[in-house]
Amino acid sequence: MKQTYLNTLLIACIGFCLAACAPTPTQETLTGPIMGTEYVVTVVDHQGKEIPSKQVEKSILAAMEDVNQSMSTYIEDSEISRFNRIDPGKWFDMSPQFAAVFTEAQQISEMSQGAFDATLGKAIRAWGFGRDGKITQQPSVEVLSELRSTTGYQHIKIKDQRVLKEVPGLEVNLSAIAKGYAVDQVAKAIDDLGIEAYLVNIGGELKAKGKNAQGISWRIGIEKPHVTGGIAQIVELNNVAIATSGDYRNYHVIDGQHFSHTIDPKTLKPVFHKLASVSVISDKASTADAMATAMLSMGEEGAIRFAEENQIAAYLIIRGENAENYQIHTTDLFKVNLPQ
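The structure displayed is predicted, hence computed values, not measured ones.

> Please set out unusual backbone geometry residue by residue, giving values where relevant.
The backbone of Q113 sits at a positive phi, close to 55°, despite the residue not being glycine. Structurally, Q113 can be placed in the loop between α4 (96-111) and α5 (121-126).

This is the structure in structure tokens:
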């Protein structure tokens, strides 16, 4: 009995010593403005080592600025702005990252049968969500009819790292995928520094790796789709990305009516249906970003069918009769990421 007691005491002491000697994780959070929104990057070192904050900040800012310089329609000499100015029928040489994003955008356009379309640049501006600023009245039927001839992902051809447009006046806008791609690039920059645990957030598009400072999976909240906010669902991110597309944050009010920033490629008008929010989990933030936008433009029935047929990890919030009444549709792949 005495020996058993001593053994138990020894085990308890060893456990206490191990707990006492375990390094305290160090954590650093960096924030700032970028791409018309804000970034929040949290990095953790579970060995308790000092985090090279200046080096991390330099690397992530360089990654975001590279994406911005390539894909921002607000920058006059960006790649996308230069492409939008060229005449149809002329091949345009793309940088590797511009080619990667543009190619994935086209692939998701084909997969979604045009529910995602990067050629909506002029339509986005016509509804007051681009560099021209807000509008005070809706575009006329005639204007929308004219825009129809300048849109359509089918009018884009990509070969190797070159791209051309087949119709005059076509303008590309990659905002529905570029922010997710920037998240991926920031994550890669952090990986390259040898940091193994982080959470990257650029305007609500997120990617996580490893565990947080408490040693558990990173947890994030999906907002309820109204201005007052609140959390609809907690999600655990285990080395994956999540992006949410909704119609309740970025909108204009014209003549008392709310118009979402998400444009339906079929009507060239802001989406108008019961589907208020779509969150998608994927290995890449760029994929999650574009897929969430595509599904939001489909409406509730089309989005549910698309998610199920293509095995997409998706969480859909569908409006009910009033602001506090929602229906939720969660695909099986998304449920894997819910806390147990």
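What follows continues from the structure just given.
> Would you mind going over the nonpolar core in detail, with residue names and values included?
Among the nonpolar cores identified, the biggest contains 64 residues, and L174 and M295 are the most heavily contacted of them. Here this core gets nine residues from one element, more than from any other, and that element is helix α7 (residues 175-192). Ignoring any residue separated from it by four or fewer positions in sequence, one finds L174 in contact with M71, I80, F98, V101, A105 and A118. Listed in part, the 19 residues of the second largest apolar core include V44, I222, L237 and I317.

> So what's going on with the packing of aromatic side chains? Residues and values would help.
In total, this model carries five aromatic pairs according to the counting rule given. A centroid spacing of 6.5 Å and a plane angle of 75° characterise the contact between F92 and F98, whose relative ring orientation is edge-to-face. Judged by its relative accessible area of 8%, F92 falls in the buried class. Between F98 and F102 the ring centres are 5.6 Å apart and the planes differ by 65°, which places this aromatic pair in the edge-to-face class. Separated by four residues within a single helix, F98 and F102 lie in helix α4, roughly one turn from each other. A relative accessible area of 0% means that F102 is categorised as buried. Within the aromatic cluster, the residues linked to one another by ring pairs are F83, F92, F98 and F102. Note that R162 overlies the ring of W91, its terminal NZ or CZ placed 4.7 Å from the centroid.

About the criteria used
Residues numbered from 1 in each chain as written. Predicted model: local features only at pLDDT ≥ 70, side-chain atom pairs only at ≥ 80, totals over all residues. Heavy atoms only, no water. Helix = DSSP H or I, 4+ residues; strand = E, 2+ residues; numbered from the N terminus. Core = buried A, V, L, I, M, F, W, Y, C linked by side-chain atoms within 4.5 Å. Buried < 20%, exposed > 50% of the residue type's maximum accessible area, 1.4 Å probe, protein only. Contact = heavy atoms within 4.5 Å. Phe/Tyr/Trp six-rings, centres within 6.5 Å; stacked < 30°, edge-to-face > 60°. Lys NZ or Arg CZ within 6 Å of the ring centre and 35° of its normal.

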